[in-house]
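Understanding the architecture of this molecule
Here are the chains, one letter per residue:
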Amino acid sequence: MPHVNHNENIIEADHISFSYSGHEVLHDITLTVHRGDYLGIVGGNGAGKTTLIKILLGLLKPSSGTIKLFGQEISRFKDWAKIGYVPQKATNFDVNFPATVEEVVLMGRYSRRGLFKSMTGEDRHKAKEALEHVEMWQYRDRLIGDLSGGQQQRVFIARALAGNPEVVILDEPTVGIEQEIKAEFYTLLRKLNRELRLTVVLITHDIESMSKEAMHVACIDHTLFFHNSVDEYFKDTHAVIHPHP
Amino acid sequence: MNFFELFQYGFVIRGIEAGIIVALIAPLIGIFLVLRRYSLIADTLAHVSLAGVALGFLLNISPILTALGVTVISSLGIEKMRNTKRVYGESALALFLSGSLAIATILLSLGKGFNTNLFNYLFGSIVTVTQTDVYTMLVLAVIVVTTLAFFYKELIYITFDEESAQVAGVPVRWINMILIVLAAFTISLSIPIIGVLLIAALIVIPVVAALQLRRSFTTTILYAEAISLFSVIAGIFVSFYLNLSTGGTIVLIMLAIFILIMAFKRQ
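The paragraphs below set out a description of the structure included in this document.

Calculation rules
- Just so you know, the residues in each chain are numbered from 1, in the order the chain's sequence is written.
- The order in which chains are written sets their letters, starting at A; the order in which ligands are written sets their numbers, starting at 1.
- It should be noted that, the model being predicted, local features are given only for residues of pLDDT at least 70 and side-chain atom pairs only at 80 or more, the latter also being counted only at that level, while totals for whole chains, interfaces and linings use all residues.
- Here the side-chain values reflect all heavy atoms present in the structure, with hydrogen atoms and water set aside.
- Stacked, tilted and edge-to-face are the three classes assigned to paired rings of Phe, Tyr and Trp, where Trp is represented by its six-membered ring and a pair needs centres within 6.5 Å; plane angles under 30 degrees give stacked, over 60 edge-to-face, the rest tilted.
- For helices the rule is a DSSP run of H or I covering at least 4 residues; for strands it is a run of E covering at least 2, with both sets numbered from the N terminus onward.
- For every residue, the accessible area obtained with a 1.4 Å probe (protein chains only) is divided by the maximum for its type, and the residue is called buried under 20%, exposed over 50%, and partly exposed between those limits.
- Think of each axis as a best-fit line through the C-alpha atoms, taken over the contacting stretch in the case of a helix, with angles from 0 to 180 degrees between the N-to-C directions.
- Crossing handedness is read from the near helix: turned anticlockwise from the far helix by less than a right angle, it gives a left-handed crossing, and turned clockwise, a right-handed one.
- Under the scheme applied here, ten amino acids are nonpolar (Ala, Val, Leu, Ile, Met, Phe, Trp, Tyr, Cys and Pro), four are charged (Asp, Glu, Lys and Arg), and all others, including Gly, are polar.
- In what follows, a contact means two residues having at least one pair of non-hydrogen atoms within 4.5 Å.
- Two parts placed together each lose some accessible area under a 1.4 Å probe, and adding up what both lose gives the buried area.
- One speaks of a salt bridge when a side-chain nitrogen belonging to Lys or Arg is within 4 Å of a carboxyl oxygen belonging to Asp or Glu.
- Definition of a polar contact: a pair of N or O atoms within 3.5 Å, with one able to donate and the other able to accept a hydrogen when the atoms are protein atoms, and with sequence-neighbouring residues admitted only if both atoms are side-chain atoms.

With that settled, consider the packing of aromatic side chains. Counting across every chain of the model gives 14 aromatic pairs over all chains. Pairing A:Phe156 with B:Phe160 gives two aromatic rings, centres 6.0 Å apart and planes at 15 degrees, and the pair type is stacked. Linking A:Phe156 in helix H5 (residues 149-162) with B:Phe160 in helix H7 (residues 152-160), this pair reaches from one chain into another. Owing to a relative accessible area of 0%, A:Phe156 belongs among the buried residues under this scheme. Consider the rings of B:Phe57 and B:Tyr121, whose centres lie 5.4 Å apart with planes at 85 degrees: the pair is edge-to-face.

Here's what the structure looks like:
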């Protein structure tokens with residue numbers, strides 16, 4: 001059952017613009033993600049989705065506008081453990097990297113541990129739990145590069161979960177993943193959102209899946225031209241005229 | 001002379017002590033450099049350290065210490081230049097490599113340092129290693145290992161996925177700086193045993209060989225350590241018996257191991 005708490009803002013982007021070498025990539029974007037929401041940010045290639053997510057995560061500074069995470073100004077925000085990030089990695093990380101599935105997931109404990117502290121039994125336990133959530137525990141000793149794209153993506157989700165986040169942000173998670181695995185993947189995200197009560201923000205060009213899976217959709221093409229519930233999306237003629245992509 | 005009589009010579013023992021220290025440290029730094037496609041920085045810093053060695057000759061103080069100073073300062077310069085993004089990363093390396101080599105030749109010609117002693121620093125020789133060198137190397141090694149232990153999990157995270165590490169709050173820029181300074185430490189302390197021109201091999205080859213075995217991160221480090229330790233000790237003995245350059249012998253043994261692993265993997 002949906003359990004969006006409209007009184008609690010997880011992410012607030014207020015009039016965000018971003019220019020790169022004089023070219024405006026994002027123009028005046030305002031959007032809010034509430035606790036428990038499942039938001040799909042959709043747009044075509046080069047629409048500025050990844051730039052937006054990098055701004056929301058503090059990896060890029062907007063040219064203008066402000067970001068608040070969990071009600072706090074992003075420059076003062078310290079509690080990064082609350083945010084689980086799944087980068088666009090399943091298809092473009094070093095497949096020869098010598099790390100086992102368990103070693104990769106343990107990286108996700110960093111934000112809980114901080115500098116100068118080494119990993120403890122508790123970290124290993126959390127990593128195990130996270131791997132069980134994505135049904136990858138039996139692969140813990142395999143090298144990450146030896147897994148299929150879908151399995152790797154699950155491991156990256158486990159890494160995000162290992163830090164006990166309150167929101168999980170995923171950047172194009174289904175790129176390069178086979179169709180049938182994609183369905184399993186969305187089932188997993190639904191589980192995270194409905195059962196683990198995590199707020200989910202997903203960037204994708206896959207509007208079709210989002211219209212079935214997400215609660216809200218934000219359509220981006222350098223600017224935000226639609227942001228509402230999925231039902232409203234189908235009523236909105238503008239969005240239907242410009243189905244991106 | 002049999003194997004055990006060898007240990008009657010003080011310089012042999014010092015050489016082996018120094019060799020073991022270097023052999024243990026180099027792959028620890030190497031794994032992070034190699035996996036981040038940073039291998040060439042080892043070569044650049046090695047050339048930079050030659051300018052330091054030349055300075056040591058000229059001022060008549062320990063070449064390891066002057067090499068250390070010059071290399072650490074240059075490593076910070078390289079990192080800063082890379083971060084400002086005004087020159088490409090590898091161009092920064094080329095600038096430092098050729099610039100420091102030019103400075104080294106000038107300093108050496110001023111100090112009339114083109115002699116056999118210089119040859120030892122270029123290609124390594126256990127005869128070069130003094131007792132003070134061994135102590136200096138030990139102190140540097142302790143610093144390198146302790147610092148790596150402190151930042152181990154951050155280094156793995158950054159090496160695997162810098163962006164996610166940054167989102168998780170890892171101070172990426174600082175850790176990168178620390179890594180490059182540690183590389184400078186390792187290179188300076190390896191000079192007497194393996195020589196300026198071959199240090200990069202010691203940092204890179206055992207790691208590249210161990211990576212072929214495709215194991216976990218921790219196991220890969222252990223394999224690299226084993227390959228490095230074996231090559232250095234075997235290299236010291238072989239070079240002593242056959243009167244060859246120590247550095248060259250060590251590097252060829254490491255390459256032979258790498259080729260053996262590749263051949264074995266193909267079967």
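Residue and element names in this part refer to chain B. Packing of helix H1 (residues 10-35) against helix H11 (residues 217-242) leaves a shortest axis separation of 9 Å and a crossing angle of 145 degrees. Crossing of H1 over H11 shows right-handed handedness. A breakdown of the residues in the contact of H1 with H11 according to their chemical character gives 20 nonpolar, four polar and one charged.

Reports of interface size often rely on the accessible area that becomes lost once the parts have come together. With 27 residues of chain B at the interface, the matching set in chain A holds 32 residues. Summed over both partners, the interface of chain B with chain A buries about 2,500 Å², with 66% contributed by carbon and sulfur atoms. The largest contributions to the chain B side of the interface with chain A come from B:Phe160, B:Val167 and B:Arg214, which together make up 31% of the buried area. Taken together, the links from chain B to chain A amount to four salt bridges. Measuring nitrogen to oxygen at the nearest pair gives 3.6 Å for the salt bridge that ties B:Arg37 to A:Asp94. Between the two partners, chain B and chain A, sit nine residue pairs in polar contact (both at pLDDT 80 or more).

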